[in-house]
Amino acid sequence: MSAGERQASLSILGLGYVGCVSAACLASRGHPVIGVDSNPLKTECLRLGNAPVVEERIGELIAEGVTSGRLTVSEDPARAVLDTDVTIVCVGTPSAPGGGLSTQYLERATEQIGAALARKDGRHTVVYRSTMVPGTCEDLLIPLLERTSGKRVGLDFGVCVNPEFLREGTSVRDFFEPPKIVVGESDEASGELVMDLYAGLDGPRFRVPIAVAEMTKYVDNCFHALKVTFGNEIGAFCTSFGLDSHVVMDVFLADTKLNISPAYLYPGFAFGGSCLPKDLRALVHAARQNDLDLPVLANVLVSNETQLRRAVDLVTSLGRRRVGIFGLSFKSGTDDLRESPIVELAERLIGKGYDVKIYDANVALSRLMGANRSYLDERLPHIGGVLTDDVEDVLEHGEVLIAGSRDPTALAALHRAGEHQTVIDLVRLPWAAQRRGQASYIGIGW
């Protein structure tokens, strides 16, 4: 923003942790902010320059904002919307009795904003900072805004989803040193306006579809919960075997190539190979022998089986009988077939009566020996009639083509698939983003 250019004025609905911290921090960056809350104790506390929440630095930021006049409060949401450029919704989204998301406070705030927009001249931007499951904004809140305002999103007003990544206890620091800034936008102008609120702050920036922005907070929180539970289960196992779990985890955390890294985190097909399945089984078995319950680790193989079953279900849902599979080893670039999920997939399809042909550039019957040959003879005893070195044969055979490898020969063949053939992608093909949504392409997790 150039010198002398007016800072966007903001109204913030909901003054809990997220709303209060957002109001204080945005006011400290020069924005005129009106905080709105239905609880008069909160608004009166802020009006006097005091913090209604306990957080490092929050007291001084609120006092400074109130003294400067940049931070004011109101009990009138309509007036706040009419007097500002941007409304940021920070109301709570607690669990409903069945475990689902309660949207009652979101709907109430949205109705209040929509009623105010019906009376407002000029464009306004509505920003949802509350955590909500994907689809809530586009399927529930935007239609509610349009209905109550009589206006159209993208034309008369903009909508963005801007999830927060604030940890209680360090939320002010997290605001000014964000791990990332994510803005889901209804239109480019609104997304740019919201992203400008964080001008000068470090951290990677993402402008994405609204539903992607909604999802990011859930991915973060679920992974954090998984990490805590994983650490606790490893701790329980180590204690049972007389080990210092923190020494063990120091070694684990030192590996930033595979462990604390993007490795293995992108969605794809089931895992297999000679290590992961057997080592999981061995650790869980050892835990049970010591009367130790490790529910997360014990169910990893259950989840892996579910991913394998998804692939089978995708094939059966298409109602076609001829299947071509590209890839057979447990991962590209190897001929290791031990506990390969592709071998298991082929076995199940053949067992269901599907006419299957398989190509893998690294697997040839003439070269297979030892454990690989024994494993294949056991799982696919009629492999000689299924496995071929002719990639074109597999391409021409399949009404359904399964991408289980990113080998260049397989990629070239799959790229030539006809419109009458359906590609089931287990490996995220290079053109996956362009093919998503097409009837002839199905990604297993995207």
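Basis of the calculations
- One numbering rule holds for all chains: residues counted from 1, following each sequence as written.
- For a predicted model such as this one, the threshold for reporting local features is a pLDDT of at least 70, and the threshold for listing and counting side-chain atom pairs is 80 or more; totals across whole chains, interfaces and linings nevertheless cover every residue.
- Only hydrogens and water are set aside; all other atoms, that is, all heavy atoms of the structure, feed into the side-chain values.
- By convention here, the domain bounds are inherited from an automatic or database domain assignment.
- UniProt positions are given in the numbering used here, feature names are shortened, and annotations may be inferred rather than shown by experiment.
- A 1.4 Å probe that fits but cannot get out identifies a cavity on a 1 Å grid over protein atoms alone, an open set with protein on both sides within 12 Å along at least five of seven lines counts as a pocket, and a residue lines either if it has an atom within 4 Å of a point.
- In DSSP terms, a helix is any run of H or I states spanning at least four residues, a strand is any run of E spanning at least two, and both are numbered starting from the N terminus.
- Every residue pair with non-hydrogen atoms within 4.5 Å of one another is taken to be in contact.
- Distance thresholds for patches are 9 Å for like charges and 5 Å for nonpolar side chains (Val, Leu, Ile, Met, Phe, Trp, Tyr), applied to residues having over 30% relative accessible area and no salt bridge.
- Here the accessible surface of atoms and residues is derived via Shrake-Rupley with a 1.4 Å probe, and residues count as covered only by protein chains that are part of the display.
- Here, a salt bridge means any side-chain nitrogen of Lys or Arg that lies within 4 Å of a carboxyl oxygen of Asp or Glu.
- Burial classes: relative accessible area under 20% of the type maximum marks a residue as buried, over 50% as exposed, and values in between as partly exposed (1.4 Å probe, protein chains only).
- Being paired, for any two strands, means DSSP has found at least two bridges between them.
- Orient the strands so they point away from the viewer, and a crossover whose first-strand-to-second-strand path over the helix runs clockwise is right-handed.
- Grid points are joined across faces, edges and corners, and a volume is the space filled by probe spheres set on the points.
- Any residue outside Ala, Val, Leu, Ile, Met, Phe, Trp, Tyr, Cys, Pro, Asp, Glu, Lys and Arg is labelled polar, Gly included; the first ten of those are nonpolar and the last four are charged.
- Grouping buried Ala, Val, Leu, Ile, Met, Phe, Trp, Tyr and Cys residues that are joined through side-chain atoms within 4.5 Å yields what is termed a nonpolar core.

1. Some points on the domain arrangement of the protein
Examined at the domain level, the protein breaks down into domain 1 (10-209) and domain 2 (303-443). The C-alpha-based centres of domain 1 and domain 2 are spaced at 48 Å.

2. Remarks on the UniProt feature "binding site: substrate" (unreviewed entry) in the protein
Summarizing the sequence annotation, UniProt attributes the feature "binding site: substrate" (unreviewed entry) to Phe165, Leu166, Arg167, Glu168, Lys217, Tyr264, Leu265, Tyr266, Pro267, Gly268, Gly272 and Lys331 in the numbering used throughout. Spanning 167 residues, the named residues do not form one spatial group; their C-alpha atoms are separated by as much as 41.4 Å. In the annotation above, Phe165 and Leu166 are the residues that line the largest cavity. Structurally, Phe165 can be placed in the loop between strand 6 (157-161) and helix 7 (171-176). Beyond its immediate stretch of four places on either side in the chain, Phe165 contacts Asp174, Pro179, Lys180, Val182, Thr216, Lys217 and Asp220. When residues no more than four places from it in sequence are discounted, the contact partners of Pro267 are Gly445 and Trp446.

3. Examining a nonpolar patch on the surface
The grouping of Phe223, Leu226 and Leu265 at the surface amounts to a nonpolar patch, some 270 Å² of accessible area in total. Tracing the backbone through its elements, the reader meets Leu265 in the loop between helix 10 (245-253) and helix 11 (276-289).

4. Some points on the pairing of strand 1 (residues 10-13)
Side chains Leu10 and Ile12 of strand 1 all project onto a buried face; the interleaved residues Ser11 and Leu13 project onto the opposite face, where all are buried too. Sheet analysis places strand 1 next to strand 2 (residues 33-36), joined by four bridges and oriented parallel. When the bridges of strand 2 are listed, Leu13 appears paired with Val36. The parallel pair strand 1 and strand 2, bridged by helix 1 (residues 17-28), forms a crossover whose chirality is right-handed.

5. Observations concerning empty space enclosed by the protein
For the structure on display, the rule yields two cavities of 30 Å³ or more. Approximately 100 Å³ is the volume attributed to the largest cavity. Lining the largest cavity are 13 residues, with Arg129, Pro163, Pro178, Lys180 and Tyr198 sitting closest to its centre. Secondary structure elements with two or more residues in the lining of the largest cavity: helix 7 and strand 7 (181-185). Tallied by class, the residues present in the lining of the largest cavity amount to eight nonpolar, one polar and four charged. Here the second largest cavity defines a volume of roughly 40 Å³. Taken together, Ser130, Thr131, Met132, Val161, Pro163, Ala213, Glu214 and Lys217 make up the lining of the second largest cavity. With three residues, the single largest contributor to the lining of the second largest cavity is helix 9 (residues 210-240). Classifying every residue of the lining of the second largest cavity gives four nonpolar, two polar and two charged.

6. Observations concerning the nonpolar core
Across soluble globular proteins, nonpolar side chains show a tendency to be buried alongside one another. Residues Phe269, Val323, Phe326, Leu345, Leu349, Ile402 and Leu426 are the most contacted members of the largest nonpolar core, which totals 43 residues. For this core, the secondary structure elements donating two or more residues are helix 13 (300-318), strand 9 (322-326), helix 14 (341-351), strand 10 (355-359), helix 16 (391-397), strand 11 (400-403), helix 17 (408-415) and strand 12 (422-425). When residues of this core are assigned to their parent elements, the largest contribution, five residues, is made by helix 14. Sequence-distant contacts of Ile402, that is, excluding residues within four places in its chain, are made with Val315, Val323, Gly324, Ile325, Phe326, Leu345, Leu349, Ile424 and Leu426. Ranked by size, the runner-up nonpolar core spans 35 residues in total, among them Leu15, Val33, Ile58 and Met195.

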